[in-house]
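Report on the structure
In case you want the letters, here they are:
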Amino acid sequence: MDPIKARKLAKIIALIVAFAMIITSFSFVMFLPGLFGANGSVVYGANGPAVYAENGPAVYAANGSAAYGAAGDVDPDKKLENLRKYIEYIKNNYKDDITYKQLLNGAFEGVANSLDDPYSTYYETSGQADAFVQSVSGEYSGVGVSIENYNGKCRVVAPISGTPAEKSGIKTGDIITKIDGIDISKKTLDEAAEMMRGKAGTKVTLTVSRGGQVLNFPLTREVIKTISVHQKMLDKQIGYIQITGFDSDSHEEFESALSSLQKQGMKSLIIDLRNNPGGLVNVALNIANQLMPEGPLMHYEHKGEIIKTYNADDAAKADFPIVMLVNEGSASSSEILAGALHDSKTAKLVGTRTFGKGVAQQIENFPEGYGLKLSTLYFLTPNKSRIDHAGITPDYTVQNTTDLNVEELAKKYQGFAPMIEKEKPTAGSVGLNVFGAQQRLSMLGYPVQISGTMDDATVAGVKKFQKESGLYSGGVLDYTTMNALDKATVSYITGAGSTRDLQMEKAISLLD
């Protein structure tokens, strides 16, 4: 190999490991100069990808060097030499012609993939990174669907309200398998997103898998820049505000909507975050600040330590009851807002457990022309609870039955264990009564594992069900509780397919 080319290749490869090490020390030093809307500062919590960045490019190196040396770590200089030989061997011996560009891009992608983090992504060009930022914070043309990597599959988190995807009937949980007939099983999440984008007015067909069915959705791309806040007055002076996303001016739209409702004599408020996939973190914090009393809004955690806390300033504390609607499609920035209002006791939450996307990503475009989206921080609620993979469990668990299949639910129920043992399980108990209760609680939306053991999560689920059903909430599976639980499950099944919004009805009943 030409010595000059070899040195150039080694230098390029060195950037991979050097970059991977340097971000460990420097990726968290960038904070917002102010809490809300500081010029040039952007913090994202969009479901799937998210971003935070300060004015101008981030600083990634101090004097051209960075520490590695975690306990048990390897010497990168030795590994770099091995990597260079490895790439050269493949280049010279692979059965087909292959370029160093292909191999190096694979190496860069491999560094990001080694994190086993679905939200960290290598971009071959800075333009790809810019396209993502634009899709979160500005206008773009596409179909309007938020997606995630789910066990290697492209799963819909939520269609954005009012977009072609939402109008066509695409739903949370759908697995996108093809785009215009092209199998995307080997595509990255960002490659799939790029295939769905395109000039407004052009057509694209999404093929999805839903409950064993294969469905095709022909869509016409539109400019995705919708009003993210919608408001109306319900009966008995209950205000209703729906937030469908957190873009650059959602906090201003919310402030205007809230003011309008208050002028109409609003006495209480419902905030609807269902199927809101997230967006700009600082916008979510701004909305929380408009409602909360003084105290923490959110914490950032990095490597096990809280490195930044944002606080409400008590400038516009809400003096009216608030109920917030959430579901499994409420993600990231939605969870930040829900967690802030829940922990501060500003609002009661109704619905089902939220998505559980509680990490922030930073996007950086490098002078060499590539880009990276890297998970750098965890979001914690004011009470310092992690959101990631946990979600937020509402105060009142209510499953909607719209579009559920009665026959499928009934068949599943027939396989449930009967709760007929003459015992009243308590914490630590094992048996069919516990197993059957867990099956029913899970169907109703309570976050329990079906194991047959009365673990802490099951006790908490039983207590929650008892409280919501007007029973003594001692956490014991007594006969009254098991009977009520079975009746609630049957009622849920028989109500499947109803067009009633049971979550909204519950929220209204709490405020009435």
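Residues numbered from 1 in each chain as written. Predicted model: local features only at pLDDT ≥ 70, side-chain atom pairs only at ≥ 80, totals over all residues. Heavy atoms only, no water.

1. Side note on the overall build of the chain
On a plain count of helices and strands, the chain comes out with 14 helices and 21 strands. Contacts in the chain between residues far apart in sequence, at least 24 positions, make up 66% of those at least 6 positions apart. Surface accessibility of the chain: about 24,400 Å² in total, with carbon and sulfur atoms responsible for 50%. (Helix = DSSP H or I, 4+ residues; strand = E, 2+ residues; numbered from the N terminus. Contact = heavy atoms within 4.5 Å. Areas by Shrake-Rupley, 256 points an atom, 1.4 Å probe, with all protein chains shown as cover.)

2. Description of the packing of helix α2 (residues 76-93) against helix α3 (residues 100-113)
In helix packing, the relevant descriptors are the interaxial angle and the interaxial distance, both defined with respect to the helix axes. In contact at an axis separation of 10 Å, α2 and α3 are set at 140° when each is read in the N-to-C sense. The pairing of α2 with α3 is recorded here as oblique in orientation. Between α2 and α3 lies a crossing of right-handed hand. Mapping the contact onto sequence places Ile87, Glu88, Ile90 and Lys91 in α2 and Tyr100, Leu103 and Leu104 in α3. Here the residues of the contact of α2 with α3 sort into 5 nonpolar, no polar and 2 charged. (Axes fitted to C-alpha atoms, helices over the stretch in contact; angles between N-to-C directions. Parallel < 35°, antiparallel > 145°, perpendicular 65-115°, else oblique. Left-handed = near helix turned anticlockwise from the far one by under 90°. Nonpolar A, V, L, I, M, F, W, Y, C, P; charged D, E, K, R; others polar.)

3. A word on helix α9 (residues 333-343)
Counting buried positions along α9 yields 10 of 11 residues, so the element is predominantly enclosed. Of the residues one or two after α9, Lys345 is the one with positive phi, at around 60°. (Buried < 20%, exposed > 50% of the residue type's maximum accessible area, 1.4 Å probe, protein only.)

4. Some words on helix α13 (residues 479-494)
The terminal C-alpha atoms of α13, which comprises 16 residues, lie 23 Å apart, in line with the 22 Å expected from a rise of 1.5 Å per residue. Among all positions of α13, only Thr481, Met482, Leu485, Thr489, Tyr492 and Ile493 are buried. Down the axis, α13 shows its buried residues gathered within 105° of arc, on one side only. Facing away from the buried side of α13 by more than 90 degrees, the exposed set consists of Thr480, Lys487 and Thr494. Those residues of α13 that are buried lie in contact with α10 (406-414), α11 (432-443) and α12 (456-468). The backbone nitrogen of Thr480 has a side-chain oxygen 3.3 Å away, supplied by the residue at the start of α13, namely Asp478. (Expected span 1.5 Å × (residues − 1). Arc of directions from axis to C-beta. Polar contact = N/O pair within 3.5 Å; in protein donor to acceptor, adjacent residues only side chain to side chain.)

5. A few points about the side chain of Lys373
If you trace the backbone, Lys373 turns up in strand β20 (residues 371-380). A distance of 2.6 Å separates a polar side-chain atom of Lys373 from the backbone oxygen of Tyr119.

6. Section: the nonpolar core
Counting residues in hydrophobic clusters, the biggest one holds 43 residues, and the most contacted among them are Ile243 and Ile271. The dominant element in this core, judged by the number of residues it contributes, is helix α8 (residues 281-289), at 6 residues. Setting aside chain neighbours within four positions, we find Ile271 in contact with Ile241, Ile243, Phe254, Leu291, Ile322, Val323, Met324, Leu325 and Leu341. (Core = buried A, V, L, I, M, F, W, Y, C linked by side-chain atoms within 4.5 Å.)

7. Some words on the pairing of β20
Across the 10 residues that make up β20, a large majority, 8, are buried. Both strand β15 (residues 295-302) and β20 contribute to a ladder of 3 bridges, which runs antiparallel. Across the sheet, the residue bridging to His299 is Leu380, located in β20. Across 7 bridges, the pairing between strand β19 (residues 359-365) and β20 is antiparallel. (Pairing = 2+ DSSP bridges.)

8. Details of the packing of aromatic side chains
Scanning the model with the defined rule gives 8 aromatic pairs in all. Consider the rings of Tyr122 and Tyr370, whose centres lie 6.2 Å apart with planes at 45°: the pair is tilted. On the criterion of sequence distance, the pair formed by Tyr122 in strand β3 (residues 121-123) and Tyr370 in the loop between β19 and β20 is long-range, its members being 248 residues apart. Here Tyr122 and Tyr370 have matching classes, each one buried. Here the aromatic rings of Tyr413 and Phe416 are separated by 5.7 Å at their centres, their planes lie at 70°, and the arrangement is edge-to-face. Classification of Tyr413 as partly exposed rests on a relative accessible area of 23%. Ring pairs connect the aromatic residues Phe108, Tyr122, Phe366 and Tyr370, which therefore count as one cluster. The side chain of Lys91 reaches across the aromatic face of Tyr100, ending 5.4 Å from its centre. The aromatic ring of Tyr378 is capped on one face by Arg386, whose charged end is 3.6 Å from the ring centroid. (Phe/Tyr/Trp six-rings, centres within 6.5 Å; stacked < 30°, edge-to-face > 60°. Lys NZ or Arg CZ within 6 Å of the ring centre and 35° of its normal.)

9. Looking at the side chain of Gln439
Within the fold, Gln439 resides in helix α11. For Gln439, the residues in contact, after removing those within four places along its chain, are Gly415, Phe416, Ala417 and Ile450.

10. Re the pattern of salt bridges
Taken as a whole and judged by the stated rule, the model has 13 salt bridges. The closest approach of N and O atoms between Glu88 and Arg84, which form a salt bridge, is 2.9 Å. With Glu88 and Arg84 both in helix α2, this residue pair falls 4 residues apart, about one helical turn. According to the relative accessible area criterion, Glu88 is buried, its value standing at 14%. (Salt bridge = Lys/Arg side-chain N within 4 Å of Asp/Glu carboxyl O.)

11. Some thoughts on the sheet that holds strand β12 (residues 229-233)
Read across the open sheet, the 6 strands follow the order β12-β13-β14-β17-β18-β21; overall the sheet is mixed. Among the strands making up the open sheet, the edge pair consists of β12 and β21 (396-397). As paired strands, strand β14 (residues 268-272) and strand β17 (residues 322-326) are joined by 4 bridges and run parallel to one another. Within β17, the position partnered with Ile270 by the bridge is Val323.

12. Examining the packing of α8 against α9
At a closest axis distance of 9 Å, the pairing of α8 and α9 adopts a crossing angle of 25°. On the basis of their axis angle, the class for α8 and α9 is roughly parallel. Two packed elements cross with a definite hand, and for α8 against α9 that hand is right-handed. Contacts between α8 and α9 involve Val281, Ala284, Leu285, Ile287 and Ala288 on the former and, on the latter, Ser333, Ile336, Leu337, Ala340 and Leu341. Counted by class, the contact of α8 with α9 contains 9 nonpolar, 1 polar and no charged residues.

13. Things to note about the confidence of the model for the chain
Caution is warranted with low-pLDDT regions, since their predicted coordinates should not be read in detail. Looking at the chain, pLDDT values average 83 and 83% of them are 70 or higher. Predicted confidence for residues 1-44 stays below pLDDT 50, and this span has 107 contacts to residues more than four positions away or in other chains. In the model, residues 46-69 has pLDDT below 50 throughout and makes 83 contacts with residues more than four positions away in sequence or in other chains. (pLDDT = per-residue confidence, 0-100.)

14. Let's talk about unusual backbone geometry
Even without being a glycine, Asn275 presents a positive backbone phi close to 60°. As for its position among the elements, Asn275 is in the loop between β14 and α8. With a phi angle near 65°, Asp314 is a residue other than glycine that sits in the positive phi range. Mapped onto the elements, Asp314 comes out in the loop between β16 (305-312) and β17. Among the residues examined, Asp314 registers a relative accessible area of 31% and is labelled partly exposed.

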